[in-house]
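Structural overview for review
One letter stands for each residue in the lines below.
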Amino acid sequence: MTTRLADIAAQAGVSEATVSRVLNGKPGVAATTRQSVLAALDVLGYERPVRLRQRSEGLVGLITPELENPIFPALAQVIGQALTRQGYTPVLATQTPGGSTEDELTEMLVDRGVAGIIYVSGLHADTTADMQRYERLRAQGVPFVLVDGFSPKVQAPFISPDDRAAMSLAVTHLVSLGHTRIGLALGPKRFVPVQRKIEGFVRTVQEQLGLAAEDIESRLIQHSLYTLEGGQAAASALIDRDCTAVVCASDMMALGAIRAARQRGLEVPRDVSVVGFDDSPLIAFTDPPLTTIRKPVPAMGQAAVRTLLEEIGGTPAPHSEFVFMPELVVRGSTASAPGNGVVPR
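Quick notes on the rules
- Sequence order as written defines residue numbering, which begins from 1 separately in each chain.
- The predicted nature of this model means local features are confined to residues of pLDDT at least 70 and side-chain atom pairs, given and counted, to a pLDDT of 80 or more, with totals for whole chains, interfaces and linings taken over all residues.
- Side-chain calculation: all heavy atoms of the structure are included, whereas hydrogens and water are not.
- A pair of strands is treated as paired once DSSP finds two or more bridges between them.
- In this text, helices come from DSSP runs of H or I with a minimum length of four residues, and strands from runs of E with a minimum of two, each type numbered from the N-terminal end.
- Think of each axis as a best-fit line through the C-alpha atoms, taken over the contacting stretch in the case of a helix, with angles from 0 to 180 degrees between the N-to-C directions.
- Any pair of residues with heavy atoms lying within 4.5 Å of one another is described as a contacting pair.
- Each crossing is labelled by how the near helix is turned from the far one, with a counterclockwise turn of less than a right angle marking it left-handed and a clockwise turn marking it right-handed.
- Think of it as three bins: nonpolar holds Ala, Val, Leu, Ile, Met, Phe, Trp, Tyr, Cys and Pro, charged holds Asp, Glu, Lys and Arg, and polar takes everything else, Gly as well.
- One side-chain nitrogen of Lys or Arg within 4 Å of one carboxyl oxygen of Asp or Glu is enough to make a salt bridge.
- Only protein chains enter the calculation, and the probe is 1.4 Å; a residue is then buried if its accessible area is under 20% of its type maximum, exposed if over 50%, and partly exposed in between.

The protein chain goes by LacI family DNA-binding transcriptional regulator in an unreviewed UniProt entry, where it is assigned to Streptomyces yaanensis.

Take a look at the structure:
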């Protein structure tokens, strides 16, 4: 027991006496300190004493796409932790090809009496989908928040990264390195984030390199799937069109782009520069470490929970879009254009 107290105290940054007071439910401990001790218990894998287990305020559904792309588990973790801190129990429901659809998962969660639902990269991001499904959900009295995607047809709070600004950051970085043939690899055009990335990419390339919008869209943009194989296929097409740099709409696609370059005997970044999107967990440790646009996952996840709880509490936030600014993280997959000695600004 003494050893356990010492471990917990060290992890929480408090005294053993404070840990003992928290574990025994005694008063006189600040709420933030108590939370630090409980978090230390969780991190170290100790079970919380029964008296300290929080009674659930209710279930909250979280519907995500497949979890193979590491950005979705990362976002789910942020949302799950934020819900737990507020006393709610998160229920993760994942769509998989050939498995349950978003509508089926929604029905399952509603049947279980969830207090609300958070959708991540769902049908709300698909411009061809029927948005009436969300109005029907609202008519049932179930609060919900939509992350990554926007539709003016849905009266709900939306949480999004600024996809246009993200492309501006990526293109500006590559132009500063002397690249003039910059390609964009991304998913199917029917998705709102894809359309916004195209808008930001075309506008910035026009401004910085003076190319015509028609030429950019026909030669420098390649649609594929949000997978490693999809990135490889898209990047192959762009490299064949003499692109010396490829901006990818996900880190998984960027890894595929690096593979495409290497299959041609090209080196990254000496011959081809690659920029990802998301800054997924572990992406800093790839070979080479990936330059990427960091999606503001903690801020977005916390905002989604805060907004949903306001909806549940009867003081809803404005039914509009809350947009979060991404940032460029420069690592080892971008360098000066071949034959160009430009030093990055």
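Let us now look at the sheet that holds strand E6 (residues 182-186). Read from one edge of the open sheet, six strands run E7-E6-E8-E9-E10-E12, paired in mixed fashion. Only two strands of the sheet have a single neighbouring strand rather than two, namely strand E7 (221-223) and strand E12 (327-329). In this sheet, adjacent strand axes meet at a mean angle of 20° when their direction is disregarded. Direction of pairing for strand E8 (residues 245-248) relative to strand E9 (residues 273-278): parallel, over a ladder of three bridges. Note on E9: the bridge partner recorded for Ala245 is Ser273. Strand contacts of helix H7 (residues 163-176): E6, E8, E9, strand E10 (291-294) and E12, with the helix running at about 160° to E9, the strand carrying the most contacts.

Let us now look at the packing of H7 against helix H8 (residues 192-209). H8 packs onto H7 with a crossing angle of 35° between their chain directions and a minimal axis gap of 7 Å. Considering how the two elements wind past one another, H7 and H8 form a crossing that is right-handed. Packed against H7, whose contacting residues are Asp163, Arg164, Met167, Ser168, Val171, Thr172 and Val175, the element H8 presents Pro193, Arg196, Lys197, Glu199, Gly200, Phe201, Arg203, Thr204, Val205, Gln208 and Leu209 at the interface. Residues that form the contact of H7 with H8 fall into these classes: seven nonpolar, five polar and six charged.

Next up on the list: the pattern of salt bridges. Considering all chains together, one arrives at 13 salt bridges under this definition. Here Glu321 ties to Arg196 by a salt bridge, and the two come within 2.7 Å at their closest N and O atoms. In this pair, Glu321 is assigned in strand E11 (residues 321-324) and Arg196 in helix H8, connecting sequence segments 125 residues apart. Under the relative-accessibility criterion, Glu321 is labelled partly exposed at 22%. Here the residues in one salt-bridge network are Asp279, Arg294, Glu327 and Arg331, joined through shared partners.

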